[in-house]
Amino acid sequence: MAHSALCYRGLPYDHSHDERPSAAPIEHVYRGHHYALPLLHQPSPTDEGLDLVYRGSHYHPHHA
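Reading guide: rules and limits
Residues numbered from 1 in each chain as written. Predicted model: local features only at pLDDT ≥ 70, side-chain atom pairs only at ≥ 80, totals over all residues. Heavy atoms only, no water. Helix = DSSP H or I, 4+ residues; strand = E, 2+ residues; numbered from the N terminus. Buried < 20%, exposed > 50% of the residue type's maximum accessible area, 1.4 Å probe, protein only. Contact = heavy atoms within 4.5 Å. Areas by Shrake-Rupley, 256 points an atom, 1.4 Å probe, with all protein chains shown as cover. Pairing = 2+ DSSP bridges. Patch = residues over 30% accessible without salt bridge, like charges linked within 9 Å, V, L, I, M, F, W, Y side chains within 5 Å. Salt bridge = Lys/Arg side-chain N within 4 Å of Asp/Glu carboxyl O.

### What to know about the overall build of the protein
- Counting secondary structure elements, the protein contains zero helices and six strands.
- What you see in the protein, going N to C, is helices and strands ordered as β-β-β-β-β-β.
- Across the 64 residues in the protein, those meeting the buried criterion constitute 3%.
- Taking the contacts inside the protein whose residues are at least 6 apart along the sequence as the reference set, 0% of them involve residues at least 24 apart.
- By element, 58% of the accessible surface of the protein is carried by carbon and sulfur atoms, the whole surface being about 6500 Å².

### Description of the environment of Y35
- As for its placement among the helices and strands, Y35 is situated in strand β4 (residues 33-38).
- By relative accessible area, which is 30% here, Y35 ends up partly exposed.
- A sequence separation of ten residues divides Y35 from P25, and the C-alpha atoms of the two residues are 8.9 Å apart.
- Excluding anything up to four places from it in sequence, Y35 contacts I26, E27, H28 and Y30.

### Focus: the pairing of strand β3 (residues 25-30)
- In terms of residue burial, β3 counts as a barely covered element, since only zero of its six residues are buried.
- Here β3 pairs with β4 via six bridges, running antiparallel. Across the sheet, residue I26 finds its bridge partner in β4, namely L37.
- The antiparallel hairpin formed by β3 and β4 contains two residues in its connecting segment, where R31 sits at a positive phi of about 50°.

### Focus on unusual backbone geometry
- A positive phi angle, near 50°, is found at R9, a position not held by glycine.
- Structurally, R9 can be placed in the loop between β1 (6-8) and β2 (11-13).

### Some thoughts on a nonpolar patch on the surface
- Taken together, the side chains of L50, L52, Y54 and Y59 present a nonpolar region at the surface, about 400 Å² in accessible area.
- Positionally, Y54 belongs in strand β5 (residues 52-54).

Here is the structure:
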């Protein structure tokens, strides 16, 4: 994956040495629900035949 040049408040910085999230499961609780999932996750497959409606507009999922 190519890293782009990032800038924070006008100062460029290099994030190529940043650590990647681990794929090991992490146990945590969020809003009363218990989870044991890794912080690094893959996006769920999309169902392109699904018709989503938000505020009266129709959307069709697609791969990015």
